Amino acid sequence: MLRVFESAGVLDMIQKEKISILASSVSTGKKDWAFLKNLDEAIGALKKSHNPEIFLTDFALTKDRKSVVQKPQDEYKNLNFHIVASDAYHLPFKSAFFKVLYERLGALYHAADEDITKKTGGKLTREMVEEYKRVIAPGGKIIIDWINSRVPVSTAEEITDATKEDIEKFFWRHGI
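Position numbers for residues count from 1 along each chain, tracking the sequence in the order it is written. Selection of residues for local features in this predicted model requires a pLDDT of at least 70, selection of side-chain atom pairs for listing and counting requires 80 or more, and totals for whole chains, interfaces and linings are taken over all residues. Side-chain figures throughout are based on the complete set of non-hydrogen atoms in the structure, without hydrogens or water.

The chain appears in an unreviewed UniProt entry as Methyltransferase type 11 domain-containing protein from Candidatus Sungiibacteriota bacterium.

See the structure below:
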């Protein structure tokens, strides 16, 4: 994922200005901490950089109505974290707030699954993508980590078995 951030120009952005990054649909955040630790170290290695604000979101709550996202256990010197409980259809941020949004194919997976199950023609997936586009600043980046490089061709259950071309066809079929 760090290579994706590098090739997308995110590290260059961090060198030029202080940016906000949204990590959407992170569940507990456990899968994201290793990547964020690598990002923290990469930023530390830059000669001049700005410490980005990282907002981790997920809609899942604990029994006492707090976010399931867990705070990092490691020390991060170059990243400032905020944990926000929210769903990806209604992000509680101003329009054009983030320079970067990345998702590990959590919320989009569930939206696609519900679209297929309820035969909505991709309505929920389109709504989520529109919400992502709303919170991204002009010139910003939306990065979706497909994890196993596969997304649904016809059913969300096949999410781990698709190719990049299948991903494009899937979203194209749903008008995205």
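Moving on from the coordinates now.
### A look at the pairing of strand S4 (residues 98-103)
Counting buried residues in S4 gives six out of six residues, a clear majority hidden from the surface. A pair of strands counts as paired when DSSP detects no fewer than two bridges linking them. Helix numbering and strand numbering both begin at the N terminus, where a helix is a DSSP run of H or I of at least 4 residues and a strand a DSSP run of E of at least 2. Relative to S4, strand S1 (residues 20-24) runs parallel, the two sharing four bridges. If you follow Leu22 over to S4, its bridge partner there is Leu101. In terms of strand pairing, S4 meets strand S5 (residues 136-144) through five bridges, oriented parallel. Note on S5: the bridge partner recorded for Val100 is Lys141. Each residue's exposure class comes from its accessible area (1.4 Å probe, protein chains only) as a fraction of the maximum for that residue type: buried when under 20%, exposed when over 50%, partly exposed otherwise.

### Let's talk about the nonpolar core
Among soluble globular proteins, nonpolar side chains are generally buried collectively. Definition used in this section: a nonpolar core is a set of buried Ala, Val, Leu, Ile, Met, Phe, Trp, Tyr and Cys residues joined via side-chain atoms within 4.5 Å. One finds Phe5, Leu36 and Leu39 to be the most contacted residues of the largest nonpolar core, which totals 24 residues. At the level of secondary structure, the elements contributing two or more residues to this core comprise helix H2 (10-16), S1, helix H3 (30-45), strand S2 (53-58) and S4. Sorting elements by how many residues they give to this core places H3 first, with six residues. The next biggest cluster of nonpolar side chains, apart from the first, holds 17 residues, and it includes Ala88, Phe93, Ala107 and Ala111.

### Details of the sheet that holds S2
Spatially, five strands are ordered S3-S2-S1-S4-S5 in an open sheet, and the strand pairing comes out parallel. Here the strands that pair on one side only, and so sit at the sheet edges, are strand S3 (80-85) and S5. This sheet shows a mean twist of 20° between the axes of neighbouring strands, independent of strand direction. With respect to the sheet, helix H5 (residues 123-135) is in contact with S1, S4 and S5, its orientation differing from that of S5 by roughly 135°. In this analysis an axis means a line fitted to C-alpha atoms, helices contributing only their contacting stretch, and an angle means the value between N-to-C directions, from 0 to 180 degrees. A contact between two residues is defined here by any heavy atoms of the two lying within 4.5 Å.

### Let's talk about the side chain of Lys99
Locating Lys99 in the fold gives a position in strand S4. Residues contacting Lys99, with those up to four places away along its chain left out, are Met13, Glu17, Ile19, Ser20, Ile136, Ala137, Pro138, Gly140 and Lys141.

### Observations regarding the pattern of salt bridges
Here a salt bridge means any side-chain nitrogen of Lys or Arg lying within 4 Å of a carboxyl oxygen belonging to Asp or Glu. Applying the stated rule across the entire model yields six salt bridges. Here Glu53 makes a salt bridge to Lys18, at a shortest N to O gap of 3.2 Å. You can see Glu53 sitting in strand S2 and its partner Lys18 sitting in the loop between H2 and S1, a full 35 residues away along the chain. Glu53 sits in the buried class, given a relative accessible area of 17%. Relative accessible area serves as the criterion here: at 48%, Lys18 is assigned to the partly exposed category.

### A few points about the pairing of S1
Counting buried positions along S1 yields five of five residues, so the element is predominantly enclosed. Where burial is concerned, the two faces of S1 agree: the one with Ser20, Leu22 and Ser24 and the one with Ile21 and Ala23 are both buried. Here S1 pairs with S2 via four bridges, running parallel. By the bridge assignment, Ala23 is partnered in S2 with Leu56.

### Side note on the packing of aromatic side chains
What counts as a ring pair is set by centres within 6.5 Å for rings of Phe, Tyr and Trp (its six-membered ring), and what kind of pair is set by the plane angle: stacked under 30 degrees, edge-to-face over 60, tilted for all other angles. Applying the stated criterion across every chain yields a total of twelve aromatic pairs. Relative to Phe35, the ring of Phe5 has its centre 4.9 Å away and its plane inclined at 65°; by these criteria the two rings are edge-to-face. With Phe5 in helix H1 (residues 2-7) and Phe35 in helix H3, the pair connects residues that are 30 residues apart, well separated along the chain. Both residues of the pair, Phe5 and Phe35, belong to the buried class. Note on Trp33 and Tyr76: the rings are 5.9 Å apart at their centroids and 50° apart in plane angle, and the pair reads as tilted. With Trp33 in helix H3 and Tyr76 in the loop between S2 and S3, this residue pair connects regions lying 43 residues apart in the sequence. The two residues Trp33 and Tyr76 agree in class, both being buried. An aromatic cluster of at least three residues, connected via ring pairs, comprises Phe55, Phe93, Phe97 and Phe98.

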